[in-house]
Amino acid sequence: MSMVRTEQIMGMPITVEAVGAGAAAKVSIDEIFEYFRKIDARYSTYKKDSEISRINGGLARSGWSEEMRRILELCEQTKQETDGYFDINHNGQLDPSGLVKGWAINQAAGQLRATDIANFRIEAGGDIQAGGHNSQAKPWKIGIRNPFNRDEIIKVVEVSNQGVATSGTAIRGQHIYNPHAPDKPITDIASLTVIGPDIYEADRFATGAFAMGEQGIAFIESRPGLEGYMIKPDKTAVFTSGFERYAR
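A brief look at the structure comes next. Everything quoted here is computed from the prediction, not taken from an experiment.

## Describing the pairing of strand β9 (residues 162–168)
Okay, step 1: Of all 7 residues in β9, 6 are buried; the element is thus mostly enclosed.
Okay, step 2: Of the pairings in the sheet, the one linking strand β6 (residues 127–131) to β9 comprises 3 bridges and is antiparallel in character. In the sheet register, Ile-128 faces β9, and the bridge partner there is Val-164.
Okay, step 3: One ladder, built from 6 bridges, connects β9 with strand β10 (residues 191–196); its direction is antiparallel. Pairing of Ala-165 across the sheet is with Val-194, part of β10.

## Here's the deal with helix α4 (residues 97–114)
Okay, step 1: Over its 18 residues, α4 runs 25 Å from end to end, which matches the ideal 26 Å to within 8%, given 1.5 Å per residue.
Okay, step 2: Buried residues of α4: Leu-99, Val-100, Lys-101, Gly-102, Trp-103, Ala-104, Ile-105, Asn-106, Ala-108, Ala-109 and Leu-112, and no others.
Okay, step 3: Count one or two residues on from α4 and you reach Asp-116, which has phi positive near 65°.

## Considerations on the packing of helix α3 (residues 66–81) against α4
Okay, step 1: At a minimum axis distance of 10 Å, the contact between α3 and α4 shows a crossing angle of 115°. You can see that α3 and α4 cross each other, and the crossing is right-handed. Counted together, Glu-67, Ile-71, Leu-74, Cys-75 and Thr-78 of α3 and Leu-99, Val-100 and Trp-103 of α4 form the full contact between these two elements.

## A short note on the side chain of Thr-15
Okay, step 1: Among the secondary structure elements, Thr-15 is positioned in strand β2 (residues 12–19).
Okay, step 2: A distance of 2.7 Å separates polar atoms of two side chains, one belonging to Thr-15 and the other to Thr-6.
Okay, step 3: For Thr-15, the contacting residues outside a window of four places in its chain are Val-4, Arg-5, Thr-6, Arg-121, Ile-122 and Glu-123.

## Looking at the pattern of salt bridges
Okay, step 1: Per the counting criterion, the structure on display carries 21 salt bridges.
Okay, step 2: One salt bridge connects Arg-248 with Glu-158, and the closest N-O pair in it is separated by 3.1 Å. On the criterion of sequence distance, the pair formed by Arg-248 in the segment after β12 (237–239) and Glu-158 in strand β8 (residues 149–159) is long-range, its members being 90 residues apart.
Okay, step 3: Taking the relative accessible area as the measure of exposure, Arg-248 reaches 53% and is therefore exposed.
Okay, step 4: The class of Glu-158 is buried, set by a relative accessible area of 18%.

How each quantity is defined
By convention here, each chain's residues receive numbers from 1 onward along its written sequence. Residue-level local features of this predicted model are given only where pLDDT is at least 70; pairs of side-chain atoms are given and counted only at 80 or more, and the full residue set underlies all totals for whole chains, interfaces and linings. In computing side-chain properties, one takes all heavy atoms of the structure into account and sets aside hydrogens as well as water. Relative accessibility under 20% of the residue-type maximum defines a buried residue, over 50% an exposed one, and the middle range a partly exposed one, all with a 1.4 Å probe and only protein chains included. To qualify as a helix, a DSSP run of H or I must reach at least 4 residues; to qualify as a strand, a run of E must reach at least 2; elements of each kind are numbered from the N terminus. Each pair of strands is called paired provided DSSP finds at least two bridges between the two strands. To estimate the expected span of a helix, subtract one from its residue number and multiply by 1.5 Å. A fitted line through C-alpha atoms represents every axis, and for helices the fit uses only the stretch in contact; the resulting angles, taken between N-to-C directions, go from 0 to 180 degrees. Whether a crossing is left-handed or right-handed is set by the direction in which the near helix is turned from the far one by less than a right angle, anticlockwise for left-handed and clockwise for right-handed. Contact definition: two residues touch when any of their heavy atoms are within 4.5 Å. Nitrogen and oxygen atoms within 3.5 Å of one another constitute a polar contact, given that in protein one can donate a hydrogen and the other can accept it, and given that sequence-neighbouring residues count only through two side-chain atoms. Salt bridges are defined as contacts in which a side-chain nitrogen from Lys or Arg sits within 4 Å of a carboxyl oxygen from Asp or Glu.

Shown next as structure tokens:
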């Protein structure tokens with residue numbers, strides 16, 4: 001038996017599913033959605049009164065929250081780990097959304113585990129943290145969509161206690177850019193799905209690797225604990241050496 005709920009927050013559908021949990025699960029899920037609303041209020045660049053918008057408007061560093069300081073430190077760390085391909089500075093404005101989503105999903109998963117909910121799925125805009133098993137007591141099945149036909153699932157992976165993130169241009173167009181060639185659209189890759197030890201790791205590195213273009217899959221191969229599946233514009237796929245152990 002599962003308890004499933006979806007709400008539209010942060011400009012995307014967010015789904016929380018808890019398996020085999022009792023009445024306490026409803027309270028926990030309520031708290032998770034309230035948490036995502038707080039994340040949206042702090043980090044949305046579309047909200048004029050969000051903390052990130054106020055920082056972009058000139059808010060002094062002394063006025064930043066401790067959480068914001070930590071997030072921006074993690075963004076800088078990710079920038080260094082990806083040789084500058086993950087960069088939240090866009091024309092002088094900061095946008096940490098490429099890291100915040102995965103980080104927030106991972107934090108939410110920790111909240112569920114803290115209330116003894118071990119079997120769950122949290123999905124936000126296609127990025128997923130899977131905990132334990134599904135309602136059939138099996139690993140969670142996650143579909144990878146065809147970037148040329150969003151209604152088609154072209155690959156299914158099975159994961160447990162891991163994160164799966166996909167970066168691509170199918171939904172939002174060219175929203176990821178190569179900081180080393182910012183005026184040149186990324187055209188040699190259609191989508192890149194990354195499986196990681198948690199959604200924070202999978203999401204931030206999927207974003208950075210996608211910015212690398214076709215070479216991103218080699219970067220994912222080089223990172224311990226990550227596996228990837230890249231779809232090219234010619235509709236062929238390239239994947240890392242350990243990816244097939246998850247594929248079904």
